[in-house]
Amino acid sequence: MVLFLIWGISVSRLAKDGVSVVVPTFNEGPNIAELVRRLDAMRVEAAIGEIEVIFVDDSTDDTPAVIARVAAGTTLPVRVLHRDDPRGGLGGAVVEGMRMAQFDWCLVMDGDLQHPPEIIPTLVERAAAGDVEVVIASRYVDGGDAGGLANRVRTGVSRASTALTRAMFPRKLYGCTDPMTGFFLVDRASIDLDGLQPRGFKILLEILARRQQRIAEVPFEFAERHAGESKASFAQGIRFLVQLTMLRFGRMSAFAIVGGLGALANLAIMAGLTALGLEYLWAAIIASEVTIIGNFLLLEYVVFRDLRDSSGRMRSRFVKSFTFNNAEAIVRIPLIWLLVEGAGWGSVFSAAVTLVLAFVVRFVFHALIVYRPVTDGRPSPMRAKTGSAVSGAKLRDELEGDVL
Ligand code: GDD
Ligand code: MN
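Quick look at the structure, then. Predicted model only: the values in this text are computed from it and were never measured.

How each quantity is defined
Residues numbered from 1 in each chain as written. Chains lettered and ligands numbered in written order. Predicted model: local features only at pLDDT ≥ 70, side-chain atom pairs only at ≥ 80, totals over all residues. Heavy atoms only, no water. 1 Å grid on protein atoms, 1.4 Å probe; cavity = no way out; pocket = protein on both sides within 12 Å on 5 of 7 lines; lining within 4 Å. Points joined across faces, edges and corners; volume = space filled by probe spheres on them. Helix = DSSP H or I, 4+ residues; strand = E, 2+ residues; numbered from the N terminus. Nonpolar A, V, L, I, M, F, W, Y, C, P; charged D, E, K, R; others polar. Near = heavy atom within 4 Å. Polar contact = N/O pair within 3.5 Å; in protein donor to acceptor, adjacent residues only side chain to side chain. Areas by Shrake-Rupley, 256 points an atom, 1.4 Å probe, with all protein chains shown as cover. Donors = N, O, S within 2.8 Å, 3.2 Å for Na, K, Ca; no water. Buried < 20%, exposed > 50% of the residue type's maximum accessible area, 1.4 Å probe, protein only. Axes fitted to C-alpha atoms, helices over the stretch in contact; angles between N-to-C directions. Contact = heavy atoms within 4.5 Å. Expected span 1.5 Å × (residues − 1).

**Comments concerning empty space enclosed by the protein**
Consideration 1: According to the stated counting rule, one finds 2 cavities of 30 Å³ or more in the structure shown.
Consideration 2: Of the volumes computed, that of the second largest cavity is approximately 60 Å³.
Consideration 3: Around the second largest cavity sit Phe255, Val258, Gly259, Ile292, Asn295, Phe296, Leu299, Ser321, Asn325, Arg362 and His366, which together line it.
Consideration 4: At the level of elements, α9 (251-275), α10 (280-303), α11 (314-342) and α12 (347-370) are the ones that each hand at least two residues to the lining of the second largest cavity.
Consideration 5: Per-element tally for the lining of the second largest cavity: the top contributor is α10, with 4 residues.
Consideration 6: A breakdown of the residues in the lining of the second largest cavity according to their chemical character gives 5 nonpolar, 5 polar and 1 charged.

**A closer look at the site of ligand 1**
Consideration 1: Taken together, 26 residues sit near ligand 1, with Glu28, Asp110, Met180, Lys202 and Lys231 positioned nearest.
Consideration 2: In this structure, an oxygen atom belonging to ligand 1 sits 2.5 Å away from a side-chain N or O atom of aspartate 110.
Consideration 3: With respect to ligand 1, the side chain of aspartate 112 contributes an N or O atom lying 2.7 Å from an oxygen atom.
Consideration 4: Its free accessible area being 750 Å², ligand 1 has 96% of it covered by the protein chains.

**Here's the deal with the coordination of the manganese ion (ligand 2)**
Consideration 1: Taken together, the protein ligands of the manganese ion (ligand 2) are Asp112 (OD) and Gln114 (OE1), with distances of 2.0 Å.
Consideration 2: The exposure class assigned to glutamine 114 is buried, which follows from its relative accessible area of 10%.

**Some thoughts on the packing of helix α8 (residues 234-249) against α9**
Consideration 1: For the pair α8 and α9, the least separation of the axes is 7 Å and the interaxial angle reads 145 degrees. Contacts from Val242, Thr245, Met246 and Phe249 in α8 reach Arg251, Ser253, Ala254 and Ile257 in α9.
Consideration 2: The residue inventory of the contact of α8 with α9, partitioned by class, reads 5 nonpolar, 2 polar and 1 charged.

**A word on α8**
Consideration 1: The end-to-end C-alpha separation of α8 is 23 Å, in line with the 22 Å expected for 16 residues at 1.5 Å each.
Consideration 2: Restricting attention to buried positions, one finds in α8 the residues Gln236, Phe240, Val242, Gln243, Leu244, Thr245, Met246 and Leu247.
Consideration 3: Looking at the buried side of α8, the elements it contacts are α6 (152-168), α7 (203-210), α9 and α10.
Consideration 4: Phi turns positive, to about 90 degrees, at glycine 250, one or two residues after α8.

From the geometry alone we can't say anything about function, so treat these as descriptive.
Spelled out as structure tokens, the structure:
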């Protein structure tokens, strides 16, 4: 009886507060009406109190118009934010939605009906117990099912990345079997929204890894998509790996991954060109130029993405980065020559040694100079000083693994 009373009180607290349903959408037009219909039916049936629905949309098609039409035809309060600058992708959209939310408890779900709205009351009930900040709908807890994953490859990738992620955050993900799910209920008040660095799909991981949260799980069956196609891609996979590394070890390791990928590409191109009969020095030059440009793009869009706005124009960053890397190559190529001709090492091996040597210098140069905060796109002497002090401190924090 007492238990029942306590439970009743906390349910009413939550029910009074209500829940903001946040749905990131990218070209999901054909799913909107059905999703809103099922959300509405769920609300009526479960009597879980106030609900609002917020679509945060980055579509390139008519999805916003579809949402507006559906919103006009339902009693459910539906809002849509269409972003012209889809920063942070799916994760960025979720954070924007949470900012707009009327209630602290935010239910995040996909817009393609792979996340059945009918289990929302179970999540809400679990949250109402009042002892957790996050309730996760898990595919991997007893009673859950990942059946809706498109194919075996995706199931394998999902399982392997889940295991890797849990191994990397044994404490923060304790009790969480599905850190990659996009279906969860979270108390916004327990998150530092400004401290999140959403990049792509894994927003729950970002939330859980930044701050210790109390977690509960509820099983669910991951359904087939109602309509349309998955937006998951190989690029999302790479973004996830970088996110994982950044969360765990800081920016330097993400930089290392990008550098490592660049080095591999460099060596592969060089091996390919020499195999085609090109002289090894020419091969090294071409391989370097191609990877310098590729690396810069990865730094811009992945590793230093969050510093782009504060560090002036992309063109000026490119000039700095390109100049530095070419200067580095100018030093590196004679060094390769020395190692090959002088020490008798193999050409590809020599190139590898010089690439490793160049890594640390390159990281420091990029973190402190290329992505240094500026005003008006131009470094001012005063700001430049504080700027590098700021990045210096940031860099130190990250080197000390203090980012969490
Ligand atoms: N606003 C916005 N911006 N929404 C996006 C973007 C984007 O760049 N990319 C995808 N979405 C939306 C989709 O429209 C959909 O509503 C939801 O995010 C999930 O995208 P899907 O394309 O359906 O992804 P999925 O089914 O392959 O992946 C889902 O399952 C994964 C677990 O296997 C997502 O829930 C992932 O978060 C989850 O990790
Ligand atoms: Mn989906």
